[in-house]
Amino acid sequence: MPFKAVTQKEPITEDSVINRTHPPVIVTKKTDTSVTTAFKKGTILVSGDNGVAPMAAYDAAANPQQNTVGVAVSDFDPDHGDLVEVLIHGTVTQEMLLADADQIALLVSQHPIYAI
């Protein structure tokens with residue numbers, strides 16, 4: 001008997017964060033309990049105490065630096081749950097990233113994610 005385990009689909013369109021140059025690896029992560037506001041796809045996510053959270057402003061003097069997790073590939077609204085789809089490996093469309101150059105550099109230095 002076939003089993004269909006798809007619970008949600010995210011279409012890849014021209015306004016997608018994912019660039020199909022390199023096959024993406026996307027996982028679903030739980031958001032940190034501190035995340036109380038919505039965020040958009042293209043947000044760089046970092047490790048929180050109990051899940052992932054949007055990256056704060058980059059601080060070059062911080063030691064250690066924030067530990068990035070990946071990039072949100074869909075919009076997140078805490079009123080509709082606590083899970084977000086995260087690109088952890090692959091290629092992103094750089095102009096879709098909601099981050100500055102330093103944040104993007106930190107992301108690509110910590111993960112096999114390429115911003116083009």
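These numbers were taken from a predicted model, which means no experiment stands behind them.

Calculation notes
- Residues numbered from 1 in each chain as written.
- Predicted model: local features only at pLDDT ≥ 70, side-chain atom pairs only at ≥ 80, totals over all residues.
- Heavy atoms only, no water.
- Buried < 20%, exposed > 50% of the residue type's maximum accessible area, 1.4 Å probe, protein only.
- Helix = DSSP H or I, 4+ residues; strand = E, 2+ residues; numbered from the N terminus.
- Arc of directions from axis to C-beta.
- Contact = heavy atoms within 4.5 Å.
- Polar contact = N/O pair within 3.5 Å; in protein donor to acceptor, adjacent residues only side chain to side chain.
- pLDDT = per-residue confidence, 0-100.
- Core = buried A, V, L, I, M, F, W, Y, C linked by side-chain atoms within 4.5 Å.
- Salt bridge = Lys/Arg side-chain N within 4 Å of Asp/Glu carboxyl O.

Trainee: Please explain helix H1 (residues 101-110) as it appears in this structure.
Mentor: Residues spaced three or four apart along an α-helix point in a common direction, a consequence of the helix completing one turn every 3.6 residues. Of the positions making up H1, those classed as buried are Gln103, Ile104, Leu106 and Leu107. Looking straight down H1, one finds that the buried residues subtend no more than 160° of arc, so they occupy a single side. Pointing more than 90 degrees away from the buried face of H1 are the exposed residues Ala101 and Ser109. Check the buried side of H1 and you find it contacts strand S3 (44-47), strand S5 (68-72) and strand S7 (113-115). For H1, the capping residue at the N-terminal end is aspartate 100, with a side-chain oxygen 3.1 Å from the backbone nitrogen of aspartate 102.

Trainee: Help me understand the confidence of the model for the chain, please; the structure alone is not making it clear to me.
Mentor: Detailed reading of predicted coordinates is not advised where the pLDDT is low. Per-residue confidence for the chain averages 87 on the pLDDT scale, and 89% of its residues sit at or above 70. Here strand S1 (residues 18-19) is the element of the chain with the lowest mean pLDDT, 84, and strand S4 (residues 52-54) is the one with the highest, 96.

Trainee: I tried to follow the environment of tyrosine 114 on my own but got confused; where do I start?
Mentor: Mapping tyrosine 114 onto the fold places it in strand S7. Separated by 95 residues in sequence, tyrosine 114 and asparagine 19 place their C-alpha atoms 9.2 Å apart.

Trainee: Looking at this structure, I do not really get the nonpolar core. What am I missing?
Mentor: Proteins that are soluble and globular tend to have nonpolar side chains buried together. Judged by nonpolar contacts, the single largest core of 14 residues is most densely connected at Val71, Leu87 and Val92. In terms of residue count, H1 provides more of this core than any other element does, 3 residues in total. With sequence-adjacent residues up to four places away left out, leucine 87 is seen in contact with Ile18, Pro24, Val25, Ile26, Val69, Gly70, Val71, Val73, Val92 and Ile113. Residues Val35, Leu45, Val52 and Phe76 belong to the second largest nonpolar core, which totals 10 residues.

Trainee: It is not clear to me how the pattern of salt bridges should be interpreted in this structure. Could you clarify?
Mentor: Side-chain pairing between opposite charges can occur once the charged atoms of the two side chains come close. Under the counting rule described, the total for this entry stands at 1 salt bridge. Close ionic contact of lysine 30 with aspartate 82 constitutes a salt bridge, the shortest N to O distance being 2.8 Å. In this pair, lysine 30 is assigned in strand S2 (residues 25-30) and aspartate 82 in the loop between S5 and strand S6 (83-92), connecting sequence segments 52 residues apart. Judged by its relative accessible area of 32%, aspartate 82 falls in the partly exposed class.

Trainee: Teacher, can you tell me more about the side chain of threonine 68 here?
Mentor: Secondary-structure assignment places threonine 68 in strand S5. Looking at threonine 68, the relative accessible area reads 2%, which means it is buried. Here glutamine 110 takes part through its side chain, which lies 2.5 Å from a polar atom of the side chain of threonine 68. In contact with threonine 68, other than residues within four places in its own chain, are Ile44, Leu45, Val46, Met55, Leu106, Leu107, Gln110 and His111.

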